[in-house]
Amino acid sequence: MSDAYAQLLAATIQHLEVLKSRGVRHVPVRPETLAALAGTPVKPAARPAPLSFAAPPAPAPAPRPVAAPRPVPPPTPAPPPAPAPVAPAPVVPPPPSVVVRAPVAIPAAGDRAAAFAELRQRALACVQCPNLVASRRQVVFGVGNEAAELMFVGEAPGVEEDAQGEPFVGPAGQMLTKMIGAMGLSRAQVYIGNVLKCRPDTPGQKFGNRPPTPEEMATCVPFLQAQIDLIRPRVLVALGASAMAGLLGHPVKITGVRGRWLDYRGIPLMPTFHPSYVLRQQEAAGGLAVKRQVWEDLLAAMAKLGLPISDKQRNYFLKA
Ligand code: URA
């Protein structure tokens, strides 16, 4: 990508993010501008086409083996032409529970590694949440295979993740790592990301974590959406209520959705309990049942991916 193109793209994204923060949902964009951003020449048209903040529908994923090299996703299709708005949209802030889907920076050339590196740089330089910027040790972008078939989505970094710069490395992370191993996979084969890339601050507290606020999630989730758009996993597993709330843009009762396949922009999404909940329940009566529920959700993910499941795996965490 040329410097000029990168600058144009960065400036455009920044401008759109400012508009989005003011509640603007649509902006008029001339087809020539869209084409310039996409890097393809088109004939100028008489009327500007609106560029929507709504994410475009995802291309249908093709079946493929888990570890196989994968093609880079095609460039995001431009939205279909529609009548130009007569007057500028009124500046009305969206209700806090509504996530305005920001445009994702998928390069026209389809170079996933370069796009990922650029996205990581933008996340690392992000200063949108001043309280989190002031307290964070590092931005925790994500880890794993950028062409993974299976992607886990968590809530936010905790103390250990903030210190190490990697998601799910504390006690909950060790539980997740064991579950991934039980699936016959490694952390390097899957991708692990969070809704929030910075640790939620805990002013006045020396230890402990807090869940992200809806505003923090709405601010940060475009990074996760861009990661998902670049990876295009065949299966998403959401770990806990905050992960679901971040993805869907509204509060979710995890007990109401856990274990049921949902659709996230064309990708099968399996909501399950967060590993820290599994840890908390471990010693309690019924702790094994919770672990088994999570395991059944992961078995469903394995089946969806066409991974082999042995009898031993099928029977993990069943009562003796
Ligand atoms: N919990 C999360 O949701 N994410 C992490 O990275 C660590 C703990």
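Being a predicted model, the structure only gives us computed values, none of them experimental. Sequence order sets the numbering: in each chain, residues are counted from 1 along the sequence as written. Confidence filtering applies because this is a predicted model: local features only for residues at pLDDT of at least 70, side-chain atom pairs given and counted only at 80 or more, and all residues used for totals across whole chains, interfaces and linings. Calculated side-chain values reflect all of the structure's heavy atoms, with hydrogen atoms and water omitted.

## What to know about the nonpolar core
Alright, step 1. Throughout this description, the term nonpolar core refers to a set of buried Ala, Val, Leu, Ile, Met, Phe, Trp, Tyr and Cys residues connected via side-chain atoms within 4.5 Å. Burial classes: relative accessible area under 20% of the type maximum marks a residue as buried, over 50% as exposed, and values in between as partly exposed (1.4 Å probe, protein chains only). Counting residues in each nonpolar core, the largest one holds 66 residues, and the members touching the most others are Leu150, Phe152, Met183 and Val237.
Alright, step 2. Numbering of helices and strands starts at the N terminus; helices are DSSP runs of H or I of at least 4 residues and strands are runs of E of at least 2. It is helix α7 (residues 214-231) that contributes the most residues to this core, nine residues altogether.
Alright, step 3. If sequence neighbours within four positions are ignored, leucine 150 has contacts with Met183, Leu185, Val190, Tyr191, Pro233, Val235, Val237 and Leu305. In what follows, residue pairs with any heavy atoms lying within 4.5 Å of each other are defined as contacts.

## A few points about the sheet that holds strand β7 (residues 262-264)
Alright, step 1. Strand order in the open sheet formed by six strands is β3-β5-β4-β6-β8-β7, and the pairing between neighbours is mixed. Looking at which strands have only one partner, the edges of the open sheet turn out to be β3 (143-144) and β7.
Alright, step 2. Looking at chain direction, strand β4 (residues 150-154) and strand β5 (residues 191-194) are connected through four bridges and run parallel. Its bridge partner lying in β5, phenylalanine 152 is registered against isoleucine 192. Pairing between strands is defined by DSSP: at least two bridges between them are needed.

## Structural notes on the layout of surface pockets
Alright, step 1. Cavities and pockets are defined on a 1 Å grid built over the protein atoms alone: a cavity is a set of grid points where a 1.4 Å probe fits but cannot escape, while a pocket is an open set with protein on both sides within 12 Å along at least five of seven lines, and lining residues are those with an atom within 4 Å of any such point. Grid points are joined across faces, edges and corners, and a volume is the space filled by probe spheres set on the points. One number sums up the size of the second largest pocket: a volume of about 520 Å³.
Alright, step 2. Residue lining of the second largest pocket: 25 residues in total, with Glu155, Ala172, His274, Ser276 and Arg280 positioned closest to the centre.
Alright, step 3. Elements supplying a minimum of two residues to the lining of the second largest pocket: α5 (159-164), α6 (171-182), α8 (241-248), α9 (254-257) and α10 (275-282).

## Notes on helix α11 (residues 287-305)
Alright, step 1. Between its first and last C-alpha, α11 extends 27 Å over 19 residues, near the 27 Å set by a 1.5 Å rise per residue.
Alright, step 2. Along α11, the residues that are buried comprise Gly287, Val290, Lys291, Arg292, Val294, Trp295, Asp297, Leu298, Leu299, Ala301, Met302 and Leu305.
Alright, step 3. On its buried face, α11 is in contact with β4, α6, β6 (235-239), β8 (267-272), α10 and α12 (311-314).
Alright, step 4. After α11 finishes, the residue glycine 306 shows a positive phi value of roughly 75°. Any helix carries an expected span of 1.5 Å times its number of residues minus one.

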